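Close look at the chain arrangement
Okay, here's what each chain looks like letter by letter:
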Amino acid sequence: MALCAWIVEKFQAWTDCDGHPENALSRDAILDDITLYCLTGTGASSARLYWEGFAEVSSRFSDSTVDTIAVPAG
């Protein structure tokens, strides 16, 4: 149940759905994704990947950068 709630919460946060994931995806699509994680037993390893990558991505947005682009870009 916790995995199901976590996945649905991610769909709610990551889609333009006005708070209801069913507005952006069908229930079958959501259940297909949940079933894939449950039957293959990869829910924990998937969550770990997000958890470990969160700090790195978060620091990219919060820290100032001094990278410059030498090629003209518009």
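Thresholds, definitions, all that
Residues numbered from 1 in each chain as written. Predicted model: local features only at pLDDT ≥ 70, side-chain atom pairs only at ≥ 80, totals over all residues. Heavy atoms only, no water. Helix = DSSP H or I, 4+ residues; strand = E, 2+ residues; numbered from the N terminus. Buried < 20%, exposed > 50% of the residue type's maximum accessible area, 1.4 Å probe, protein only. Contact = heavy atoms within 4.5 Å. Areas by Shrake-Rupley, 256 points an atom, 1.4 Å probe, with all protein chains shown as cover. 1 Å grid on protein atoms, 1.4 Å probe; cavity = no way out; pocket = protein on both sides within 12 Å on 5 of 7 lines; lining within 4 Å. Points joined across faces, edges and corners; volume = space filled by probe spheres on them. Nonpolar A, V, L, I, M, F, W, Y, C, P; charged D, E, K, R; others polar. Expected span 1.5 Å × (residues − 1). pLDDT = per-residue confidence, 0-100.

1. What to know about the overall build of the protein
- Per the secondary structure count, the protein includes 3 helices and 0 strands.
- Relative to its 74 residues, the protein shows a buried fraction of 11%.
- Contacts in the protein between residues at least 24 apart in sequence constitute 37% of all its contacts with a sequence separation of at least 6.
- About 6300 Å² of surface is accessible on the protein, with carbon and sulfur atoms providing 59% of the total.

2. Focus on the layout of surface pockets
- Of the voids in this model, the largest pocket is the one considered here, and its volume is about 190 Å³.
- Looking at the largest pocket, the residues that line it are W6, E9, K10, A13, W14, A47, Y50, W51 and F54.
- Among the elements of the structure, α1 (2–14) and α3 (43–62) are those that each provide at least two residues to the lining of the largest pocket.
- For the lining of the largest pocket, the element with the highest residue contribution is α1, accounting for 5 residues.
- Classifying every residue of the lining of the largest pocket gives 7 nonpolar, no polar and 2 charged.

3. Overview of helix α2 (residues 27–40)
- With 14 residues, α2 should reach 20 Å at 1.5 Å per residue; the first-to-last C-alpha distance of 20 Å fits that figure.
- Immediately beyond the C-terminal end of α2, within one or two residues, lies G41, with a positive phi of roughly 70°.

4. Comments concerning the confidence of the model for the protein
- Confidence in the prediction of the protein, expressed as mean pLDDT, is 83, and 89% of residues score 70 or more.
- Across the protein, the element-wise mean pLDDT spans from 77 in α3 up to 91 in α2.

5. Some thoughts on the environment of C38
- If you trace the backbone, C38 turns up in helix α2.
- The partly exposed category is assigned to C38, whose relative accessible area is 47%.
- C-alpha of C38 to C-alpha of C4: the two residues are 34 residues apart in sequence and 8.7 Å apart in space.

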